[in-house]
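Reading the structure
Okay, here's what each chain looks like letter by letter:
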Amino acid sequence: MSDLIQPKVLKGFRDFLPQDEILRADLIERLTATYRAYGFVPIDTPVLEYTEILLRKSNGETEKQVFRFEDNGHRDVSMRFDLTVPFARFTAEHKEELYFPFKRYHIAKVWRGEKPQAGRYREFVQCDFDTVGSDSAASDFEILALMRAALASIGVERISIQVNHRGIFNRFLSVIGAEKESEDILRAVDRLSKDGEDKVAEELGRITGSAERIMEYIRPCGSFEETLRHMEALSGGESADSKRMREIHAMMRAAGIQDTYVLNPSITRGLDYYTGVVYETFLTDLPSIGSVCSGGRYDNLAGLYTRDRIPGVGASIGLDRLIAALTELGLARAKGSYLDAEIYNSGEQMAVHYQRIAAELREKGVSVEVFPDPVKMARQYNLTEKKNVPWGIIVTEKDAQNGTLTLKDLKTREQTEGITAAEAAEKILGKSRAT
């Protein structure tokens, strides 16, 4: 037995049992339907990219997290660490084949070699949606509205979407003469929710002599408009960037969704490719999990790969972190299968009849399977329960002669005897729709 290899997965990676994968697949299906309802279309990109493609516009922290290696052709390649940079490359490479504005969604795995912790893994799924080819308040607002709608589609409604504008922040840094340290300042401020004011102020003090003024700037001042006026006062007055924020806020009010959004000057998004509005989403009942949906405007990102200016704005839902939060909040429903019903097997003599009933039920839209082996009924019940199948179907030889069956609600244990397959389908689907 010494030649057996111990089955194990790498740290930060996971297998998914059926109930976990079903939950993830269900959430992806709902998100996909919502993205499509807003006019977004799917794309895909390779897992591997040339390292120069992924890391040309990144900071040292990103480089430390990338899975990078030399392939068999001696090429320097890396696994994608997000879906935004590959999308910028995709847009530049296929710009003659696309139409603009172009609205895409992309749901796929990405890889980062960061320290695993609650809701954070080295392999995880991002659910991105972006618009490129439009630098308008309407595009900014649509992404923000879709963030809210997408999360609502999977039952997440108690949220706070915190928004800011990098352009206004950059104007402020210029006013105080700290624009040369902007990247380090942005990354320090971005850690405010994780590290707290004292640590951020201390870090800023090591970067610039204007730490106190920065701390004053990033403190919210009440309402959206009050905070915006405060930001304007410290950044040299009204600008095109602050006008953009007012226009976006007016659209929020027109749509009646303004209460979901908070203007927070400390939201910076540490990546330096963001140029305009930026945002992060926090769960009201579990803010400690961190942002579950974030992004912003990145008007210059595609410029790394093309001379054409292609403005863009988008967001990404971190599905694994969101599932971890839903599980902790008791909002994640575990299902062991997609079945509506199980036909119990009492003997080989009924095998053909079972399949006839199963075919009739499937024609009516019922998801059903026949238990394959005539084992003890207690075992069949037990396995059906483990799969969370809501209905059981019992067919006796007399039922086979009469064209009937017994339908059992496996939750209430209530039985309905002597009904046809069509009647059973109506009852199964009727109750399923009602719940």
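You'll find the structure just up there.
Now for a look at the structure at hand. (Residues numbered from 1 in each chain as written. Predicted model: local features only at pLDDT ≥ 70, side-chain atom pairs only at ≥ 80, totals over all residues. Heavy atoms only, no water.)

Next up on the list: the overall build of the protein chain. Per the secondary structure count, the protein chain includes 16 helices and 16 strands. Each principal axis of the C-alpha atoms in the protein chain carries an extent, and together these give about 90 × 60 × 50 Å. The proportion of buried residues among the 435 residues of the protein chain is 49%. If you take every contact in the protein chain between residues at least 6 apart in sequence, the share linking residues at least 24 apart comes to 68%. Carbon together with sulfur atoms contributes 48% to the accessible area of the protein chain, which is approximately 21,900 Å² in total. Here the protein chain contributes 59 positive and 67 negative side-chain charges, whose respective centroids are spaced 1 Å apart. (Helix = DSSP H or I, 4+ residues; strand = E, 2+ residues; numbered from the N terminus. Buried < 20%, exposed > 50% of the residue type's maximum accessible area, 1.4 Å probe, protein only. Contact = heavy atoms within 4.5 Å. Areas by Shrake-Rupley, 256 points an atom, 1.4 Å probe, with all protein chains shown as cover. Lys, Arg positive; Asp, Glu negative; His and termini not counted. Charge placed at Lys NZ, Arg CZ, Asp CG, Glu CD.)

Under the criterion given, the structure shown has eleven aromatic pairs. Between Y344 and Y381, the aromatic rings sit 4.8 Å apart at their centres with planes inclined by 80°, giving edge-to-face as the arrangement. Remark: Y381 occurs in helix α14 (residues 377-386) and Y344 occurs in the loop between β12 (341-343) and α13 (351-363); sequence separation between them is 37 residues. Residue class for Y344 comes out buried when judged on its relative accessible area of 2%. One aromatic cluster in this structure is built from Y35, F40, Y105 and F129. (Phe/Tyr/Trp six-rings, centres within 6.5 Å; stacked < 30°, edge-to-face > 60°.)

Let us look at helix α7 (residues 182-190). Those residues of α7 that sit buried are S182, I185, L186, A188, V189 and D190. Against α6 (166-175), α8 (192-207), α9 (211-217) and β9 (277-283) lie the buried residues of α7.

Now for the pattern of salt bridges. By the definition in use, this model includes 33 salt bridges. Where R206 meets E203, a salt bridge forms, and the shortest distance between an N and an O atom there is 2.6 Å. Here the residue R206 and the residue E203 both occupy positions in helix α8, the gap between them amounting to three residues, near one helical turn. Judged by its relative accessible area of 57%, R206 is exposed. E203 gets classed as partly exposed once you look at its relative accessible area, which sits at 29%. (Salt bridge = Lys/Arg side-chain N within 4 Å of Asp/Glu carboxyl O.)

In this sheet, strand β16 (residues 415-419) lies alongside strand β15 (residues 405-409) in antiparallel orientation, the contact comprising three bridges. Paired with L407 across the bridge in β16 is T416. Turn length for the β15-β16 hairpin, with the two strands adjacent in sequence and antiparallel, is five residues, and the turn residue R413 shows positive phi of about 70°. (Pairing = 2+ DSSP bridges.)

What follows is about the nonpolar core. Ranked by size, the top nonpolar core spans 66 residues in total, and within it Y35, F129, Y279 and I317 carry the most contacts. The biggest single contributor to this core is helix α5 (residues 137-153), with nine residues. Contacts of I317, omitting those with residues within four sequence positions, involve L31, Y35, V125, Q126, C127, F129, A150, L151, V292, C293 and L322. Core analysis: the next-biggest nonpolar cluster, separate from the first, contains 22 residues, I43, L55, F90 and L301 among them. (Core = buried A, V, L, I, M, F, W, Y, C linked by side-chain atoms within 4.5 Å.)

This part covers the sheet that holds strand β14 (residues 391-394). Strand pairing within a sheet occurs via backbone hydrogen bonds; the two strands may be parallel or antiparallel. Taken together, five strands build an open sheet; the order of strands is β13-β12-β14-β15-β16 and the sheet is mixed. Of all strands in the sheet, those bounded by a partner on one side alone are β13 (368-370) and β16. For this sheet, the mean angle separating the axes of adjacent strands, direction not counted, is 20°. Across the sheet, α13 touches β12, β13, β14 and β15, and the angle it forms with β13 is around 175°. (Axes fitted to C-alpha atoms, helices over the stretch in contact; angles between N-to-C directions.)

Describing two packed helices takes the angle between their axes plus the distance from one axis to the other. Contact pair α5 / helix α11 (residues 240-255): the axes reach a minimum separation of 9 Å and the direction vectors enclose 50°. Taken together, the axis directions place α5 and α11 in an arrangement best described as oblique. Like other packed secondary-structure pairs, α5 and α11 cross with a definite hand, here right-handed. Packed against α5, whose contacting residues are A137, A138, D140, F141 and L144, the element α11 presents R244, E247, I248, M251, M252 and A255 at the interface. Residues belonging to the contact of α5 with α11 are distributed by class as follows: eight nonpolar, no polar and three charged. (Parallel < 35°, antiparallel > 145°, perpendicular 65-115°, else oblique. Left-handed = near helix turned anticlockwise from the far one by under 90°. Nonpolar A, V, L, I, M, F, W, Y, C, P; charged D, E, K, R; others polar.)

Attention shifts here to the sheet that holds strand β3 (residues 68-70). The three strands are arranged β2-β4-β3 in an open sheet whose pairing can be described as antiparallel. Sheet topology places β2 (48-50) and β3 at the edges, where each strand pairs with a single neighbour. Pairs of neighbouring strands in the sheet enclose a mean axial angle of 35°, with direction left out of account. Sheet topology places β2 next to strand β4 (residues 76-79); three bridges connect them, and they run antiparallel. The residue bridging E49 from the neighbouring strand is S78, located in β4.

Attention now goes to the side chain of S242. Along the chain, S242 turns up in helix α11. Every residue in contact with S242, bar those within four places of it in the chain, is listed here: I168, L228 and E232.

Residues V47, L48 and F69 make up a contiguous nonpolar surface patch of about 230 Å² in total accessible area. If you trace the backbone, V47 turns up in the loop between β1 (41-42) and β2. For V47, a relative accessible area of 34% translates into the label partly exposed. (Patch = residues over 30% accessible without salt bridge, like charges linked within 9 Å, V, L, I, M, F, W, Y side chains within 5 Å.)

With that settled, consider helix α1 (residues 18-37). With 20 residues, α1 extends 28 Å from end C-alpha to end C-alpha; this agrees with the ideal 28 Å at 1.5 Å per step. Within the sequence span of α1, burial applies to I22, L23, R24, D26, L27, L31, T32, T34 and Y35. Its buried side turned inward, α1 meets β5 (102-111), β6 (123-132), α5, β11 (312-318) and α12 (319-328). G39 lies just past α1 and shows a positive phi near 90°. (Expected span 1.5 Å × (residues − 1).)

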